[in-house]
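Spelled out from the first residue to the last, the chains are:
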Protein chains: 2
Amino acid sequence: MIHTHQTAPTQFVEANGIRFAYRRFGKAGGVPLVFNIHFTGTMDHWDPAVTEGFAKDREVILFDNAGISSSSGEVPTSIEEMAADAAAFVRALGLTEVDVLGYSLGGLIAQTLAIAEPKLVRRVVLVGTGPRSGEGMATLTPEAQEIFGATYEEPDHLWLRVHFTPSARSQAAGREFLKRFRLRREGRDPEVSEKVAPAQLEALGKWGTPCDNPYEYLKALTQPALVVNGGADVIVYTVNSFILQQNIPNAQLILYPDASHGSQFQYPERFVRHVSMFLEEQGRGA
Amino acid sequence: MIHTHQTAPTQFVEANGIRFAYRRFGKAGGVPLVFNIHFTGTMDHWDPAVTEGFAKDREVILFDNAGISSSSGEVPTSIEEMAADAAAFVRALGLTEVDVLGYSLGGLIAQTLAIAEPKLVRRVVLVGTGPRSGEGMATLTPEAQEIFGATYEEPDHLWLRVHFTPSARSQAAGREFLKRFRLRREGRDPEVSEKVAPAQLEALGKWGTPCDNPYEYLKALTQPALVVNGGADVIVYTVNSFILQQNIPNAQLILYPDASHGSQFQYPERFVRHVSMFLEEQGRGA
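Residues numbered from 1 in each chain as written. Chains lettered and ligands numbered in written order. Predicted model: local features only at pLDDT ≥ 70, side-chain atom pairs only at ≥ 80, totals over all residues. Heavy atoms only, no water.

A. Summary view of the overall build of chain A. A count of helices and strands for chain A gives ten helices and eight strands. Over its C-alpha trace chain A gives a radius of gyration of 17 Å, about what one expects of a compact globule, namely 19 Å for 286 residues. Counting the 286 residues in chain A, one finds 61% classified as buried. Here chain A displays about 10,900 Å² of accessible surface, and carbon together with sulfur accounts for 54% of that area. Distance between charge centroids for chain A: 6 Å, based on 26 positive and 33 negative side chains. (Helix = DSSP H or I, 4+ residues; strand = E, 2+ residues; numbered from the N terminus. Rg over C-alpha atoms; globule rule 2.2 N^0.38 Å. Buried < 20%, exposed > 50% of the residue type's maximum accessible area, 1.4 Å probe, protein only. Areas by Shrake-Rupley, 256 points an atom, 1.4 Å probe, with all protein chains shown as cover. Lys, Arg positive; Asp, Glu negative; His and termini not counted. Charge placed at Lys NZ, Arg CZ, Asp CG, Glu CD.)

See the structure below:
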């Protein structure tokens, strides 16, 4: 049976004393694409239009990092530890080379993983994310504090404000996203426990703390990188994507119009085409 | 006979009292793509890998604006007049809808044309260019002054420094570009007269002059726009492409790695694919 985002069973693998939950589907045989999700997100926070778009041509691996949802363990309070857990998970699957896609908090993990594991990580896709000590990253942005602090009639409607702009077109795309996001009916991940957000916020705070020469570390990210964001991201300000492109030695940047933090969910087909083009370029060069 | 960049004859059409030189080739029947070239450039300063890449799927129109090379008339000393001449040229061909691609100085013309002629211009591609009063645009940048002021054993080698970064990879791409750039052997455009650079510099100076709310005018550019540049452009600083994306209501940005002003000549296949994707999106919406 060919599995999809909706049908792929949750599997488990042990590493670092953690029982990692993951799902794996798509066209096997090439370099798999490993997804790293956002703040408080689980495997079910990805958009099937994105994951299945990629799955046509490559293997897609979703997972819950340590302490998240279906995985055991505790959420560590630093991005470095999260990246080390991610590396242990990838190795536990017996993989020696992967492409890594990280979104928001997951993009911090993806950067750190790519730098720590230059042989394991072939190419890296950084979506809606930013550098250490990035603009507005010392704490949640005022907009993020308001959006995450508000209450919503439907809890899912939080994501209409996190991922999309207030424009009619973006909100319409958001409602389509929410439908897709609920398509998987069986074997969904449980929501994260109340211990997840505080630990992730602590890690985000350390990452965002102002420091000297904050972008220097990006010189060590030598793999080809693709940086993607909406042109109007209020959760991780868009300028941070520009800063990433300017400081990673071999990075391409794509910014989408009238899009906020979740531009990849607003333009899933376009995003899959752009990222696929990037992943299919020859070798490790640009 | 199917014409190419190398074989398309230079034709002429009259408008605004100017005899405009142009070349037209590629797959007819859709919305043509009209190219606007850089400072002191002629029809022969385009890269056949780019123009023929587009010509597979659409009609390509190259032209010399007023006072340039094979066209008659004088180069006006403002971007607005250059854009008005470009509009007159397009109308003289009997066209009622075109896509417009502008590079560097040509990107200033393309912006202005798109704003002045919202019905005539369907979509706009802005390459290696910037907004009014952009960063480092009041005069030529120090790097541009040095590069344009230097002497070169081979005059064409100027373009290795204008369009490409000093890296070995970018320079190698530059040498390939120079070969392609000389492929057309018959019916080449003459180099521009000594009157062209001063008039174009005067227009660039007016465009770049600091003013209040300099980016406000971009709100009137309502067509879908794609902004493209190298991540390390020293002729029109890369940040200007970011500013364009942030201020044009419906703009996508793509920045290429290890590339300077001529990123489209460094990555011609990738550029053609990205721009073609953009031009083929549905209708006038994003």
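B. Seen up close, the packing of helix H2 (residues 79-92) of chain B against helix H3 (residues 105-116) of chain B. Residues and elements named next belong to chain B. In the contact formed by H2 and H3, the axes pass within 8 Å of each other and the chain directions differ by 70°. By the angle between their axes, H2 is roughly perpendicular relative to H3. On H3, the residues touching Ile79, Glu80, Met82, Ala83, Ala86 and Ala87 of H2 are Leu105, Leu108, Ile109, Thr112 and Leu113. Here the contact of H2 with H3 is composed, by residue class, of nine nonpolar, one polar and one charged. (Axes fitted to C-alpha atoms, helices over the stretch in contact; angles between N-to-C directions. Parallel < 35°, antiparallel > 145°, perpendicular 65-115°, else oblique. Contact = heavy atoms within 4.5 Å. Nonpolar A, V, L, I, M, F, W, Y, C, P; charged D, E, K, R; others polar.)

C. Looking closely at the interface of chain B and chain A. In this complex, chain B contributes 23 residues to the contact, which on the side of chain A involves 23 residues. One can count two salt bridges joining chain B with chain A. The interface formed by chain B and chain A includes eight residue pairs in polar contact (both at pLDDT 80 or more). Every element with two or more residues in the side of chain B that touches chain A is listed here: helix H8 (239-247), strand E8 (251-256) and helix H10 (268-280) of chain B. Top element by residues in the side of chain B that touches chain A is E8(B). It accounts for six residues. Among the residues making up the side of chain B that touches chain A, the classes are represented as eleven nonpolar, eight polar and four charged. (Salt bridge = Lys/Arg side-chain N within 4 Å of Asp/Glu carboxyl O. Polar contact = N/O pair within 3.5 Å; in protein donor to acceptor, adjacent residues only side chain to side chain.)

D. Region of interest: the packing of aromatic side chains. Following the criterion strictly, the structure yields 31 aromatic pairs over all chains and no others. Seen from their ring centres, A:Phe242 and B:Phe242 are 4.8 Å apart, and the 10° between their planes marks the pair as stacked. Of the two residues, A:Phe242 is situated in helix H8 (residues 239-247) and B:Phe242 in helix H8; the pairing between them involves two chains. Assessed through its relative accessible area of 8%, A:Phe242 is described here as buried. For the ring pair B:Tyr256 and B:Tyr267, a centre distance of 5.4 Å and an interplane angle of 40° mean the geometry is tilted. Highlighted residues: B:Tyr256 in strand E8 and B:Tyr267 in the loop between helix H9 (263-266) and H10, separated in sequence by eleven residues. Like B:Tyr267, B:Tyr256 is buried. By way of ring pairs, the aromatic residues A:Phe35, A:Trp46, A:Phe54, A:Tyr103, A:Phe164, A:Phe177, A:Phe181, A:Phe265 and A:Phe271 are connected into one cluster. (Phe/Tyr/Trp six-rings, centres within 6.5 Å; stacked < 30°, edge-to-face > 60°.)

E. Up close: the packing of helix H1 (residues 48-55) of chain B against H10(B). Residues and elements named next belong to chain B. Their axes nearest at 9 Å, the elements H1 and H10 cross at an angle of 35°. The chirality of how H1 crosses H10 is right-handed. Of the residues in H10, those touching H1 at Ala49, Val50, Gly53 and Phe54 are Pro268, Phe271, Val272, Val275 and Ser276. A per-class count over the contact of H1 with H10 returns seven nonpolar, two polar and no charged. (Left-handed = near helix turned anticlockwise from the far one by under 90°.)

F. Highlighting the relation of the copies chain B and chain A. In screw terms, the move from chain B to chain A is a rotation of 180° and a rise of 0.0 Å along the axis, fitting with an RMSD of 0.0 Å. Taken together, the turn and the small shift mark the pair as related by a two-fold rotation axis. Considering only C-alpha atoms, the residue of chain B closest to the rotation axis is B:Ile254, which sits at 2.3 Å. Interface residue correspondence from chain B to chain A reaches 100%, placing this contact among same-surface, isologous pairings. (Least-squares fit on C-alpha atoms with pLDDT ≥ 70 in both.)

G. Inspection of the environment of B:Gly136 at higher detail. Residues and elements named next belong to chain B. Residue placement: Gly136 occurs in the loop between strand E6 (121-127) and helix H4 (142-149). Along the sequence, Gly136 and Gln6 sit 130 residues apart, while their C-alpha atoms lie 36 Å from each other. Discounting residues that sit within four places of it in the chain, Gly136 has contacts with Thr141 and Tyr237.

H. Looking closely at unusual backbone geometry. Phi at A:Ser104 takes a positive value of approximately 60°, unusual for a residue other than glycine. Among the structural elements, A:Ser104 can be located in the loop between strand E5 (98-103) and helix H3 (105-116).

I. Just the layout of surface pockets, in detail. All names here are of chain A. Considered as a void within the structure, the largest pocket measures approximately 400 Å³ in volume. Of all the secondary-structure elements, those providing two or more residues to the lining of the largest pocket are helix H4 (142-149) and helix H5 (158-163). Residues that form the lining of the largest pocket fall into these classes: eleven nonpolar, four polar and seven charged. (1 Å grid on protein atoms, 1.4 Å probe; cavity = no way out; pocket = protein on both sides within 12 Å on 5 of 7 lines; lining within 4 Å. Points joined across faces, edges and corners; volume = space filled by probe spheres on them.)

J. How the structure looks around H3(A). Residues and elements named next belong to chain A. Between its terminal C-alpha atoms H3 stretches 17 Å, which fits the 16 Å expected from twelve residues at 1.5 Å a residue. Taking burial as the measure, the twelve residues of H3 include ten buried ones, the bulk of the element. Looking at the buried side of H3, the elements it contacts are strand E3 (33-36), helix H2 (79-92), E5, strand E6 (121-127), helix H7 (196-208) and H8. (Expected span 1.5 Å × (residues − 1).)

K. Just the pattern of salt bridges, in detail. Residue and element names in this part refer to chain A. Here the structure, examined in full by the defined rule, presents 33 salt bridges over all chains. Glu59 is paired through a salt bridge with Arg24; the nearest N and O atoms lie 2.7 Å apart. Placement of the pair is Glu59 in strand E4 (residues 59-64) and Arg24 in strand E2 (residues 18-26), with a sequence separation of 35 residues. Judged by relative accessible area, Glu59 falls into the buried class, the value being 12%. A relative accessible area of 25% places Arg24 in the partly exposed class. The residue Asp156 makes a salt bridge to Arg182 at a minimum N-O spacing of 2.7 Å.

L. Spatial organisation of the nonpolar core. A:Phe54 and B:Phe54 are the most contacted members of the largest nonpolar core, which has 192 residues in total. Beyond its immediate chain neighbours, meaning those up to four positions away, A:Phe54 contacts A:Leu33, A:Phe35, A:Val60, A:Leu101, A:Phe271, A:Val272, A:Val275 and A:Ser276. (Core = buried A, V, L, I, M, F, W, Y, C linked by side-chain atoms within 4.5 Å.)

M. How the structure looks around the side chain of B:His274. Within the fold, B:His274 resides in helix H10. Judged by its relative accessible area of 2%, B:His274 falls in the buried class. Those residues in contact with B:His274 that lie beyond four places of it in its chain are A:Gln252, A:Ile254, A:His274, A:Met277, B:Leu226, B:Ile254 and B:Tyr256.

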